[in-house]
Every structure is written in C-alpha cells, then in structure tokens.
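What follows is the residue order along each chain.
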Amino acid sequence: MPGDFPALYRLGIVGAGQIARMTHQAAVKLGITPRLLAEHLDDSAAQAAPEAMFGHPDTLAAFADLCEVLTFEHERLDLGLLQLIEDSGAVVRPGTKTIRAAFDKLHQRRVLLNRGFPVPAFAEVRGPDDLFDFASTHGFPVVLKSVRAGLPGQRGVWIVESANEALRVLAEHGDRDLMAESFQAIVKELVVLVARRPGGFARSYPIAEMTYQDGEVREIRVPAAVGHPVAVQARELALRLADEFDAVGVLAVELFLTTDGLIVNELAARPHNAGHVTIENSPTSQFENHVRAVLDLPLGPTWSNAPAAVTINVIGGLENIDPANNLVDALAVEGAQVHLYGKIPRPGRKLGHVTALGDDIEQARELARRAEAALHGRRP
Ligand code: ADP
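Residues numbered from 1 in each chain as written. Predicted model: local features only at pLDDT ≥ 70, side-chain atom pairs only at ≥ 80, totals over all residues. Heavy atoms only, no water.

So, the side chain of Glu-75
Note on placement: Glu-75 falls in the loop between strand S4 (69-72) and helix H3 (79-87). For Glu-75, a relative accessible area of 5% corresponds to the buried category. At 3.0 Å, the side chain of Glu-75 forms a polar contact with the backbone nitrogen of Ala-269. Discounting chain neighbours no more than four positions away, the residues touching Glu-75 are Ile-99, Ala-102, Phe-103, Ala-149, Ala-268, Ala-269 and Arg-270. (Helix = DSSP H or I, 4+ residues; strand = E, 2+ residues; numbered from the N terminus. Buried < 20%, exposed > 50% of the residue type's maximum accessible area, 1.4 Å probe, protein only. Polar contact = N/O pair within 3.5 Å; in protein donor to acceptor, adjacent residues only side chain to side chain. Contact = heavy atoms within 4.5 Å.)

Points about the sheet that holds S4
Sheet strands associate in pairs through backbone hydrogen bonding, adopting either a parallel or an antiparallel arrangement. Strand order in the open sheet formed by 5 strands is S3-S2-S1-S4-S5, and the pairing between neighbours is parallel. The open sheet has two edge strands with one neighbour each: strand S3 (53-54) and strand S5 (91-92). The pairing of strand S2 (residues 35-38) with S3 spans 2 bridges and is classified as parallel. When the sheet's bridge partners are listed, Ala-38 is paired in S3 with Phe-54. Sheet strands in contact with helix H10 (residues 286-294) are strand S1 (11-14) and S4, and its direction is about 145° off that of S4. (Pairing = 2+ DSSP bridges. Axes fitted to C-alpha atoms, helices over the stretch in contact; angles between N-to-C directions.)

Some details on the environment of Pro-198
You can see Pro-198 is positioned in the loop between strand S10 (186-196) and strand S11 (202-204). Judged by relative accessible area, Pro-198 falls into the partly exposed class, the value being 24%. Residues Pro-198 and Arg-93, 105 residues apart in the sequence, show an inter-C-alpha distance of 8.6 Å. When neighbours within four sequence positions are excluded, Pro-198 is seen to be in contact with Arg-93, Val-248, Ala-293 and Asp-296.

Quick look at the sheet that holds strand S6 (residues 122-125)
Read from one edge to the other, the open sheet built from 4 strands follows the order S6-S9-S7-S8, with strand pairing classed as antiparallel. The open sheet is flanked by S6 and strand S8 (157-160), the only strands paired with a single partner. In this sheet, neighbouring strand axes are inclined to one another by 25° on average, regardless of whether the strands run parallel or antiparallel. In this sheet, strand S9 (residues 178-182) lies alongside strand S7 (residues 142-146) in antiparallel orientation, the contact comprising 5 bridges. Within S9, the residue paired with Leu-144 across the bridge is Ala-180. Running over the sheet, helix H6 (residues 128-138) touches S6, S7 and S9 and is turned about 160° from S6. Along the sheet, helix H7 (residues 163-173) makes contact with S6, S7, S8 and S9, crossing S8 at roughly 155°.

Observations regarding the site of the ligand
Taken together, 15 residues surround the ligand, and among them Lys-145, Glu-181, Gln-184, Glu-189 and Asn-265 come closest. Separating a nitrogen atom of the ligand from a backbone N or O atom of Ser-182 is a distance of 3.1 Å. In this structure, an oxygen atom belonging to the ligand sits 3.0 Å away from a side-chain N or O atom of Glu-266. Isolated, the ligand exposes 550 Å² of accessible area, and the fraction of that covered by the protein chains is 78%. Within the residue set of the shell around the ligand, elements represented by two or more residues are S7, S9, S10, strand S14 (249-258) and strand S15 (261-268). Residue composition of the shell around the ligand, grouped by class: 6 nonpolar, 3 polar and 6 charged. (Near = heavy atom within 4 Å. Areas by Shrake-Rupley, 256 points an atom, 1.4 Å probe, with all protein chains shown as cover. Nonpolar A, V, L, I, M, F, W, Y, C, P; charged D, E, K, R; others polar.)

What about the packing of helix H1 (residues 18-29) against H10?
Between H1 and H10, the shortest axis-to-axis distance is 8 Å and the interhelical angle comes to 70°. By the angle between their directions, the pair H1 and H10 is classed as roughly perpendicular. The crossing of H1 and H10 is right-handed. When H1 is examined against H10, the residues Ile-19, Met-22, Thr-23, Ala-26, Ala-27 and Lys-29 are found in contact with a partner set consisting of Phe-287, Glu-288, His-290 and Val-291. Class assignment for the residues of the contact of H1 with H10 results in 6 nonpolar, 2 polar and 2 charged. (Parallel < 35°, antiparallel > 145°, perpendicular 65-115°, else oblique. Left-handed = near helix turned anticlockwise from the far one by under 90°.)

Here's the deal with a nonpolar patch on the surface
Together, Val-157, Ile-159 and Phe-183 make up an exposed nonpolar region whose accessible area comes to about 240 Å². Turning to its location among the elements, Phe-183 is positioned in the loop between S9 and S10. The exposure class assigned to Phe-183 is partly exposed, which follows from its relative accessible area of 42%. (Patch = residues over 30% accessible without salt bridge, like charges linked within 9 Å, V, L, I, M, F, W, Y side chains within 5 Å. Salt bridge = Lys/Arg side-chain N within 4 Å of Asp/Glu carboxyl O.)

What to know about the nonpolar core
Grouped together as the largest cluster of nonpolar side chains are 48 residues, with contacts concentrated most on Leu-241 and Leu-255. Filtering out sequence-adjacent residues up to four positions away, Leu-241 remains in contact with Leu-112, Phe-117, Leu-251, Val-253, Val-264 and Leu-267. (Core = buried A, V, L, I, M, F, W, Y, C linked by side-chain atoms within 4.5 Å.)

Notes on the side chain of Thr-311
Secondary-structure assignment places Thr-311 in strand S16 (residues 308-315). Thr-311 gets classed as buried once you look at its relative accessible area, which sits at 0%. At a separation of 2.7 Å, a polar atom in the side chain of Thr-311 contacts the side chain of Thr-355. Residues in contact with Thr-311, not counting those within four places in the same chain, are Arg-218, Glu-219, Ile-220, His-276, Val-277, His-353, Val-354 and Thr-355.

A closer look at the pattern of salt bridges
The final tally for this structure, using the stated rule, is 21 salt bridges. Of the charged contacts in the structure, one is a salt bridge between Arg-109 and Glu-181, with a shortest N-O distance of 2.9 Å. One end of the pair, Arg-109, is in helix H5 (residues 105-114); the other, Glu-181, is in strand S9, and 72 residues separate them in sequence. Each member of the pair, Arg-109 as well as Glu-181, carries the same accessibility label: buried.

Here you go:
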C-alpha cells in the first residue's frame with residue numbers, strides 16, 4: 001500500500017540532513033525505503049522522504065521500535081539511551097561502542113593510545129592548571145578542543161598561541177568539556193572511508209585529500225597526492241581502526257599526514273562529507289555501501305572509476321544567492337555533477353557540492369570549479 005513502511009529491510013535513519021538525504025537515495029535505489037527521524041520539516045532529507053517522522057532525538061526509543069535496523073547520520077546522541085536501546089535487543093548499526101569513539105574525542109584518544117595507534121599528545125582540560133601543565137611539557141601552540149562532536153557550524157577547535165589566549169578561550173568555553181592536544185605540523189589532511197559489515201568483512205576506498213578555506217573543507221581530491229607507501233599505510237590503519245571499534249556501516253577516518261608520518265585526527269561513524277565524491281567516482285558509493293553494510297548485505301566494489309576526481313563544496317556566500325536559481329548555468333557545464341541539498345541559503349552553510357572526474361586532478365578541478373562558480377552566479 002503506498003505510504004506503508006515496507007517490512008523487508010526496515011531501515012531507520014536518525015537525522016535528516018544531507019548525509020541522510022543521500023543515504024536515503026542510495027537505499028531507494030535498492031528498493032528499500034528507509035524511515036527518517038527528522039528534527040525539522042525543512043531538514044534536507046525530510047523534504048525528499050515522505051516517511052520522515054518528526055521528533056527530538058530523545059524519541060529514539062519509539063523510533064527504534066518501528067525499525068528492524070537503526071542507523072545514524074550524526075553522532076550527537078544520548079549515548080546512555082542508545083546503549084539501553086541496544087541492550088534491549090534493537091539492532092543498532094553502528095553500535096554504541098563505535099558511536100562513542102566518534103562522539104567523545106577524549107575517550108577515543110585514550111583507547112587509541114592504549115592500542116598503540118598514532119595520536120597526538122593530549123590531556124583532559126578541567127581548568128587553566130591542566131592547560132598550563134600541558135603547555136609546559138609540549139609548548140605553544142596548543143590545540144584546545146571540545147571533547148564532544150558539536151553541532152554543524154559550531155566551533156570546537158581553537159589553536160591557542162599563548163597563555164593569555166588560552167585563558168580567553170577557557171573563559172568563553174570553559175562550560176564545555178575540553179581537551180588539549182599538541183600542535184601537529186600538518187602536510188596534508190586525508191580521509192579514508194571504510195565500509196564494514198557485521199562480522200568484520202570490510203572494504204576501504206581510495207584515499208581522499210581535503211583542502212580547507214576559511215576553516216571549511218573546500219575541495220576533496222581523489223586520489224590524494226601521497227606516495228604509495230603512505231596510501232597503503234593509511235588504508236591499513238583505517239581498516240584496523242574499524243576492527244578496533246567494531247564499526248558497522250561506513251567509518252570515516254580523518255588522518256593528518258605530518259612530517260613525522262600519519263596521525264589519527266577524527267573518526268566519524270557514518271558516511272562523511274569527503275565521501276560524496278564516491279557517488280560518481282566509485283562503482284558503489286559510500287552511501288550505498290553504508291546501507292548494504294548496516295543491513296548485512298554484500299558490499300560493492302570501492303575502486304575509483306577515473307584517474308582523478310574532485311568535489312567542490314557549494315557554500316553559501318555573503319550575497320546569499322540561492323544556487324538553485326543558477327542551476328541552468330551550472331548544468332551547462334557538461335561533465336560536472338551538481339548536487340543541491342534543498343537548504344535555505346545562509347552565509348557559510350553547505351548547500352550542495354559539485355563533482356567532476358578527469359584524467360588528472362587539474363582537469364577534474366577545472367570542470368568542478370566552473371559549475372560551482374556558475375551556481376554562485378559568477379563567471380569562472
Ligand atoms: P572538527 O570536529 O571541527 O572537524 P577537527 O579535530 O577535525 O575538528 O579539527 C579541525 C581542524 O583543526 C583540522 O582539520 C585541522 O586543520 C586543525 N587541527 C585539529 N587538530 C589539530 C592538531 N592537533 N594540530 C594542528 N591542527 C589541528
């Protein structure tokens with residue numbers, strides 16, 4: 001019956017932003033219509049999913065009852081509640097153990113250090129004394145971080161150069177749980193995506209390189225410009241991390257390539273912004289493999305379809321132009337793949353992305369840039 005929630009593979013997605021929107025699209029391709037737990041009517045995925053339910057993440061237990069398998073587009077969850085739901089027999093994928101590792105950076109750092117994974121020096125910061133102790137051993141700059149993954153657009157990292165600056169940040173954000181980390185000389189910021197089924201079968205994607213502008217990820221490039229040994233090591237590291245945290249679905253592993261080698265930066269227990277490129281660049285996108293993995297279905301191949309691929313994020317500018325109004329011009333850039341998320345434009349808000357494949361990074365980037373410029377109403 002139209003509108004009924006199909007019994008086969010009753011998948012529920014908690015969250016309804018752009019990640020859920022693209023995960024939903026990938027599931028629909030397989031004949032599976034997930035139910036979403038959205039917070040607002042105009043959430044990006046809720047617009048595209050008539051089965052969306054609206055509620056606060058606290059309504060998780062009621063939502064879980066409707067689903068055979070529960071998955072997530074973000075980690076901002078009540079972990080105690082999630083653990084109770086999981087303990088009551090609900091199929092939660094990834095499980096609370098994996099989500100905790102992504103949500104709580106201090107816990108994650110402690111586990112990784114214990115297991116011998118490469119992480120920066122770190123310490124919990126309960127007040128100025130902890131911070132000054134840390135700085136006296138490791139020196140400034142010190143990287144202060146909010147322990148818990150924040151809301152999108154909420155700042156959670158401060159690179160402080162001096163004791164005075166540190167005191168200012170503590171005065172302003174001391175109500176949050178904070179940690180300190182030693183400053184890393186970053187050569188490149190890399191992301192490895194792993195899709196992993198219950199039971200441990202896993203595949204990793206070719207490494208992506210992220211470039212930043214004004215603190216926001218601007219471009220994703222695949223393959224990352226790193227040598228073969230680093231690429232092998234990064235993929236192997238990501239697969240070991242996925243095993244360590246019993247990941248199911250996509251685990252995104254953010255790495256720093258530093259002058260001293262690879263360091264684990266962050267984990268995301270879900271499809272990742274750097275993985276949008278896989279929609280066109282891989283036989284199976286990260287979203288489809290996430291759906292397959294959480295439903296314990298065979299994973300698809302993850303290799304690259306082209307020698308090079310570039311994704312450019314479409315970020316709202318100060319002029320507040322709606323990229324949807326410039327779709328005609330962007331689609332005239334043949335070969336560029338335009339994705340818009342149906343969001344109301346706001347400066348700094350991620351409204352969509354453009355991906356292009358090419359024979360090399362420059363060629364792919366040029367194409368993606370032209371379409372992105374067109375969306376902003378600019379001549380490239
Ligand atoms: P977020 O949750 O905001 O993505 P991250 O931990 O990824 O937080 O940090 C955001 C950015 O801050 C990183 O992409 C990197 O550029 C910089 N950064 C984070 N940690 C360090 C560090 N230890 N040393 C140097 N730069 C860092």
